Structure formats: C-alpha cells, structure tokens
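Listed below, chain by chain, are the residues.
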Amino acid sequence: MGEGAGDIMPGEREWPGPLDVQGLLESGWRPTPFRQFIVKLHSRCNLACDYCYIYEMADQGWRSQPRRMSKATIDRVAARIAEHAAGHGLSGVEVILHGGEPLLAGVEHTRYAVTALRAALGATDLVLRVQTNGVLIDEAFLELFAEHEVYVGVSLDGDAEGHDLHRRRASGRGTYDEVRTGLERLAAPAYRHLFSGLLCTLELANDPVKTYEALIEFRPPMVDFLLPHGNWESPPPGWSGTTTPYGDYLSAVFDRWYAAPERETQIRLFTEIIRLLCGRTSRSEAIGLSPVAVVVVETSGAVEQVDTLKSAYDGAAGTLLHVLKDSFDAVLTLPAIAARQIGMRAMSGACLSCDLVRVCGGGLYPHRYRPGSGFRNPSVYCQDLYRLISHIRRVMVEDVSLLSQPRA
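Residues numbered from 1 in each chain as written. Predicted model: local features only at pLDDT ≥ 70, side-chain atom pairs only at ≥ 80, totals over all residues. Heavy atoms only, no water.

Concerning the packing of aromatic side chains
We describe a pair of aromatic rings using the distance from one ring centre to the other and the angle between the two ring planes.
Thinking step 1. Counting across every chain of the model gives 16 aromatic pairs.
Thinking step 2. Ring geometry for W232 and W239: centres 5.7 Å apart, planes at 85°, overall edge-to-face.
Thinking step 3. Exposure remark for W232: the relative accessible area of 24% places this residue in the partly exposed category.
Thinking step 4. Measuring from centroid to centroid gives 5.1 Å for Y369 and F375, while their planes differ by 45°, and the two rings are tilted.
Thinking step 5. Given a relative accessible area of 3%, Y369 falls into the buried group.
Thinking step 6. Overall, the relative accessible area of 4% leaves F375 in the buried class. (Phe/Tyr/Trp six-rings, centres within 6.5 Å; stacked < 30°, edge-to-face > 60°. Buried < 20%, exposed > 50% of the residue type's maximum accessible area, 1.4 Å probe, protein only.)

Encoded structure:
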C-alpha cells in the first residue's frame, strides 16, 4: 500500500470513481438534466425507526447538519433549481420536501420554503411534495398544503402490529395510532386530493396480504413497497443468498393486488415491472435502465446523490458541491451521477448475462454495493428480483394466452 493510500475514500477507488466521464462526453453521451430535487428541510426526526438509513446505518453525517435549512439557503436552492430548469428548457420539475422529518421545520418555515420555490420557478410547472412519517399532520399543515398545492406522502408499514415493530418513538412506543390519526385528517374530503400515497418498508415477519389490506384501508392512490436497505457487506434481514424471501413476499402481494376485481390502488414496483415487460421505459430508480435524474440538497446546502446511498458507507452520497458555489450542471458530470445515467454500460458482467437485465436494471443502486468493486454488482436482492419479475412475466403471459384463445 502506498503512502497515504489508507486515507483514500472507498468511492475514489471503487466503481464508479474511475468512470471516464470526459470519454463519455467525447463519444456523444450527454447527461440527463435533473427533474426531481429532494430538499432536506429538516435533518432530525421525531421517531427512532430502527431500520432508518439516515440515523441507523453507515453514514452518520446527519449529526453535523443544521437542524433546519435556513431561509437564505432555501432561497439559494430555489434559485439554483430555477437556473437548472431554464438552462435545460425543462417544462416542469418536482421538488420533494424531505428529512429527517420535514414537518419539524414548522408551518411558517414550510410556508416560506414552498412560497420561495413557487416564486423562483415562475412559469415552470412545479410539482411540490412532502414525505412525512405522518404524526405531525394537523389542520394548520393541511391548510398550507391545500393553499400551495403540496402533495403528501406518508410512511406506514401495515397494520398496528406490523407498523409498530420498527416505527417507534425513542421511548419504544409505537406510532401507528398517531399515523392513523394523521392519515384520517389527510383523507378528509377537503384534503384528500393532496394524498399522493403510502411508503411501506417490507418486514418478513408481517403477513404480506394482511399488510397490503391494512394499507388499502386508507384508499391510497399509490403504494410503494420498499426493500429494507442492505448490500453485499451488510445484507438485509432474513437474507441468505440461496432463498428468495422478499421475492416470495412481493409475489404474494402481487397476486392479491392483481386478482382484485377492481384496481384498489397502484403499486409502483409492480406497475413499473409491467411497463418494462411490455417494452416501455421505467419511471422509477428502483427498477429498469432509465437515467436517474434525482439530486438531494441537505439542510446545509450541500449537494448530494440520492440519500439512500448513506446505507452503503460513510460519505457514499457526498459530492463536495454546494448550492452557494456550484450549479446543478456541475453535479451532472460527476462520475457517480453519470454512472446512473448510462444504462447498460454501468451493469456488471453478471447482470449483462441475465435475460431480465433490461427489466431489473441491476435493482436499486445502493443495494449493489460491495467493498472493493463498489456499485458495479448485481443487487443483493438479485434472486428476489428475479423471482418477482419472473412471476409477474408468467402471469402476464398466461393472461395474454387466454385472450388469444378462440371463443367457444
């Protein structure tokens, strides 16, 4: 080992650190401009969920972040987003107010943020969202969201027993009842149009169908089922490498969802897999090979990659760029960003030899991490994803064959 080599960050020597972006540009490749901006309005949380990638996993950078994004930083973020949209002729962008728990910023500070963003973007179509754990949803926030057309996503892990396994207060007290109260307020007639959907992190101990049915009780327009974050160095709970517990779980949910006489909700992962199997492109970073056009701004104004990378290693999401001095265009040519926009050229050899690579796309990027080779690996959920996608493909093929049979 050479002098100082021990001080090299993993991302500098592992994929995609060595990616030749200049060579890509010279070959004719061009980056896809950012269309989704995740703005960390508050860096702390009022819950203590034990699977949280921000507080409980490898990167503990939240400790050095300001608790709340300042008004001056909000103004700069808004200006940078407007600059990026105008420079690339984007007709619309999406901004997600995130955390931590963004509602800890308070009603008036949140008002300042959404007002600043709408003013800066002007004629650009701006879709504003907030992703919350739901316990602080009250009439004051809902009136603000209705006034400024802010859509609300809520995290819920199923019924009371399933949800409270992980989503608890620091005291250990479960939060299902508080979240349910918030959801009931959001689902009231005056605000229901703002309800964008539910996020549910899978827990193998919870029954899949029972979990799904507990979620649709709230009539969400969309459900996102999230795989617990893990990688090849730190595998997810229940992972063995030889079985497919998460693929089995999701296949059971798919069968219940797909067989319903009427569509009860959309499940993003399933609808994206169906789109990809039909030859269309993905609209989700979790699946497929579409360019990822998402960037994160921390409360300090630091610009980062998608924050789920914090589950891989300390500093995995960092870029060293900041809204006070750097444009979002400067972020686009970083190797770590380019790697998520070059499709098949970023796939591992194992992925390239797979018949489902164009559908799976290697799975969610953070789940591919392995020390030494970085992110150029199949997902740690490779077998689970193959199990799920193959199951959905088989069901679709059977349905198409039934349609093609002559009528009696």
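Considering the sheet that holds strand 5 (residues 195-201)
Thinking step 1. Across the sheet, 10 strands lie side by side as 7-6-5-4-3-2-1-8-9-10; this open sheet has mixed pairing. Among the strands making up the open sheet, the edge pair consists of strand 7 (266-267) and strand 10 (318-322).
Thinking step 2. Note: strand 9 (residues 302-304) against strand 10, three bridges, orientation antiparallel. The residue bridging A302 from the neighbouring strand is H322, located in strand 10. (Pairing = 2+ DSSP bridges. Helix = DSSP H or I, 4+ residues; strand = E, 2+ residues; numbered from the N terminus.)

Considering the side chain of D384
Thinking step 1. Looking at the secondary structure, you find D384 in helix 15 (residues 382-404).
Thinking step 2. When neighbours within four sequence positions are excluded, D384 is seen to be in contact with T243, T244, P245, Y246 and G247. (Contact = heavy atoms within 4.5 Å.)

Concerning the pattern of salt bridges
Thinking step 1. Evaluated as defined, the whole model comprises 21 salt bridges.
Thinking step 2. The shortest N-O distance in the salt bridge between R111 and E108 comes to 3.3 Å. Residue R111 and its partner E108 are located together in helix 4 (residues 107-121), separated by three residues, close to a single helical turn.
Thinking step 3. On the accessibility criterion, R111 (26% relative accessible area) is partly exposed.
Thinking step 4. A relative accessible area of 53% means that E108 is categorised as exposed.
Thinking step 5. Between E213 and R256 there is a salt bridge whose closest N-O contact spans 2.8 Å. Separated by 43 residues along the polypeptide, E213 in helix 8 (residues 208-216) and R256 in helix 9 (residues 245-258) bring together distant segments of the chain. (Salt bridge = Lys/Arg side-chain N within 4 Å of Asp/Glu carboxyl O.)

Thoughts on the nonpolar core
Thinking step 1. Membership of the largest hydrophobic core comes to 85 residues, with the highest contact counts inside it found for I81, V95, F145, L183, F225, F270 and F328.
Thinking step 2. With near-sequence residues (within four places) excluded, F270 lies in contact with L250, V253, F254, W257, L388 and I392.
Thinking step 3. If you look at the next biggest cluster of nonpolar residues, it comprises 23 residues, including V292, V306, A338 and I342. (Core = buried A, V, L, I, M, F, W, Y, C linked by side-chain atoms within 4.5 Å.)

Regarding empty space enclosed by the protein
Regions of empty space are outlined by a rolling probe, equal in size to a water molecule, passed over the atoms.
Thinking step 1. This structure, assessed with the given rule, holds four cavities of 30 Å³ or more.
Thinking step 2. Its volume calculated, the largest cavity comes out at about 150 Å³.
Thinking step 3. Forming the boundary of the largest cavity are 18 residues, of which G288, V292, R340, G361 and R368 lie nearest the centre.
Thinking step 4. Across the lining of the largest cavity, the residue classes break down as eight nonpolar, seven polar and three charged.
Thinking step 5. In this model, the second largest cavity occupies a volume close to 70 Å³.
Thinking step 6. Around the second largest cavity sit K40, S43, I54, D59, Q60, G61, W62, Q65, G99, G100, E298 and K310, which together line it.
Thinking step 7. By residue class, the composition of the lining of the second largest cavity is two nonpolar, six polar and four charged. (1 Å grid on protein atoms, 1.4 Å probe; cavity = no way out; pocket = protein on both sides within 12 Å on 5 of 7 lines; lining within 4 Å. Points joined across faces, edges and corners; volume = space filled by probe spheres on them. Nonpolar A, V, L, I, M, F, W, Y, C, P; charged D, E, K, R; others polar.)

Quick word on the environment of E149
Thinking step 1. Within the element layout of this structure, E149 appears in the loop between helix 5 (139-148) and strand 4 (150-155).
Thinking step 2. Overall, E149 belongs to the partly exposed group, its relative accessible area being 41%.
Thinking step 3. C-alpha of E149 to C-alpha of C351: the two residues are 202 residues apart in sequence and 41 Å apart in space.
Thinking step 4. For E149, the residues in contact, after removing those within four places along its chain, are R118, L128 and L194.
Thinking step 5. Separated by 2.8 Å, the side chains of E149 and Y151 make a polar contact. (Polar contact = N/O pair within 3.5 Å; in protein donor to acceptor, adjacent residues only side chain to side chain.)

Any link to function would need more than the numbers given here.
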